[in-house]
Amino acid sequence: MNHMRGSGQPDRLVVIGGGISGLSSAFYLLREAEKRGRRIEITIIDPAEKLGGKINTLKRDDFVIERGPDSFLARKNAIIDLAWDLGIEQELVGTNPAAKKTYILHLGKLHPMPTGLVLGIPTEISPFLKTDLVSWGGKLRALLDFVIPARKDETDEALGDFLSRRLGDQMMERVAEPLLAGIYAGDLRKLSLQATFPQFREAERRHRSLIRGMKANKRLAPAVAAGASKLPAAVRGSMFLTFRGGLTTMIEALENALAGTERRVCTKVVAFRPNEPVADEGSDAGQVGATRMDTETGQTVDPSQAWAPYDVLLHTGEIIQADGIIITAPAYDAVELLDPHLDTHALRAIRYVSVANVVMAFDKKDFGVEFDGSGFVIPRSEGTTITACTWTSAKWLHTSPGDKVLLRCYVGRSGDEEVVDLPESQLEDAVRRDIRDIMGITAVPLFTEITRLHKSMPQYPVGHVQQIAALRARMSAKLPGVFVTGAAFDGVGLPDCIRQGKEAAARVYEAISKF
């Protein structure tokens, strides 16, 4: 696909999807253009009423309530870099240092997570041997990890199968599953190890033991963090971070930084297509000034609109010309756009799970319970409606007035999604029943906020990393200047999405600079 662009012509980029991946892509496209001394026109298109995707902070009665994601891992630098780039690094807040304890529900009782547990892997043996979460038989089986040889086969495997192979079923089901599955709302027996926790396989490969390998990683972590982190002093030492005014702070800052770009909300992209230029008499095909006929409408495109390699078709019938396209829509929407052009089985293999969160506010004087930690997670085997509960006002001191309490409960996971669509009163009753049975809380909430997030959690199947690499190779060959990215590809956390947006911006610019 070769054409000549006029020297004064700006690069026209379309970003499909206005969540954190799309906004990060657009922000870093601006940076790429500046770095290269290029003029740029960006159009961000999203079917929702406002940009920001799942990030949604509600301010109500002096509470700061997250209706989507509520925080991010401090050690992942992409989001810290973005905070500095946007000038909002001083808005970062960490968790309450007095609320470090986390619990796991087992046989209806809350048990403190043993110290030294890293992503469900015990790195300190003495506290692990004292926990009641696992039987003595389960503990001895986990310690066999020190003698079981490393798997020689380098192919991908399911995360749950890997953990059972190294630590045994009890550790996988009672400890690792509630901790790790919560990140994806997934079934560990179906999630790809390489796509979710590749560091586990690397630990096994290098140290022959998962426990030994994770212990070695833990020793390295402080040195890595100290060398790489740009965190303000006030929040150093916190594993999780957010912004004082909620995660919407970042969305608002991105929107301000993107003030010169065109934003199309309530707008759906229905298709895109590559173009072949049609020459005017006396004009070289492909040069600026060549006219082009729209194959769908039969209309000639204004010659003053320089030829572009792609047309992006909107549901309104409008056509936007683009030199490059970044698709950050969910995999099921990306399939519709890419299907006419190439094999999309890698995207079709990504299932999505629906979840909901139920946030309840209470008067502290009626509450009757003191929290000494940040919350708890629940294994599937417990049979509760909720999958986890964050003691939000204890974990994040900025989220609630001092005389109030805020709880956030999670429902829905792979194989148990029907609960997400229960009528509000039934869902609230089920959640209140669980917190009464688990914590003895009988107080009536001041208010309840229920947020349903349908098809929001992408599930990475075994072989995902290789399948996506192959898809991108096909796209690079057949659709140069078109890139697909976001939570469905290489990490679901906010820092992962931001990093992917930054990478997409660089790759798309590399591709269009060759046109």
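This write-up is about the structure you can find in this document. Computed from a prediction, not measured in an experiment: that's the story for all the values here.

**Considering the state of the cysteines**
Evaluated as defined, the whole model comprises zero disulfides. Considering cysteine sulfurs only, cysteine 389 is the nearest to cysteine 409, which forms no disulfide, with 3.7 Å between them.

**What about helix H16 (residues 464–478)?**
When the terminal C-alpha atoms of H16 are compared, their 21 Å separation across 15 residues agrees well with the 21 Å that a helix rising 1.5 Å per residue should span. Each element contacted by the buried residues of H16 is listed here: helix H7 (193–196), helix H11 (331–338), helix H12 (345–348), strand S24 (482–484) and helix H17 (494–512).

**Comments concerning the pairing of strand S8 (residues 109–112)**
Here strand S7 (residues 101–106) pairs with S8 via four bridges, running antiparallel. For tyrosine 103, the partnering residue across the bridge sits in S8 and is proline 112. Taken together, S7 and the strand that follows it, S8, pair antiparallel across an intervening segment of two residues, in which leucine 107 is found at a positive phi of about 50°.

**Considerations on empty space enclosed by the protein**
Empty space among the atoms becomes visible once a probe the size of a water molecule is rolled across them. Inspection of the entire model under this criterion finds two cavities of 30 Å³ or more. What lines the largest cavity is a set of 13 residues, among which Val64, Glu66, Asp70, Thr392 and Thr399 lie closest to the centre. Of all the secondary structure elements, the ones that give two or more residues to the lining of the largest cavity are strand S4 (63–66) and strand S22 (404–411). Along the lines of polarity and charge, the residues of the lining of the largest cavity split into five nonpolar, five polar and three charged.

**Some thoughts on unusual backbone geometry**
Despite not being glycine, aspartate 61 has its phi angle at roughly 50°, a positive value. Looking at the element boundaries, aspartate 61 is found in the loop between strand S3 (57–60) and S4. Accessibility expressed as a relative area gives 52% for aspartate 61, which makes it exposed. You will see that lysine 455, though not glycine, has its phi angle at about 45°, which is positive.

What counts as what
Residues numbered from 1 in each chain as written. Predicted model: local features only at pLDDT ≥ 70, side-chain atom pairs only at ≥ 80, totals over all residues. Heavy atoms only, no water. Disulfide = S-S within 2.5 Å. Helix = DSSP H or I, 4+ residues; strand = E, 2+ residues; numbered from the N terminus. Expected span 1.5 Å × (residues − 1). Contact = heavy atoms within 4.5 Å. Pairing = 2+ DSSP bridges. 1 Å grid on protein atoms, 1.4 Å probe; cavity = no way out; pocket = protein on both sides within 12 Å on 5 of 7 lines; lining within 4 Å. Points joined across faces, edges and corners; volume = space filled by probe spheres on them. Nonpolar A, V, L, I, M, F, W, Y, C, P; charged D, E, K, R; others polar. Buried < 20%, exposed > 50% of the residue type's maximum accessible area, 1.4 Å probe, protein only.

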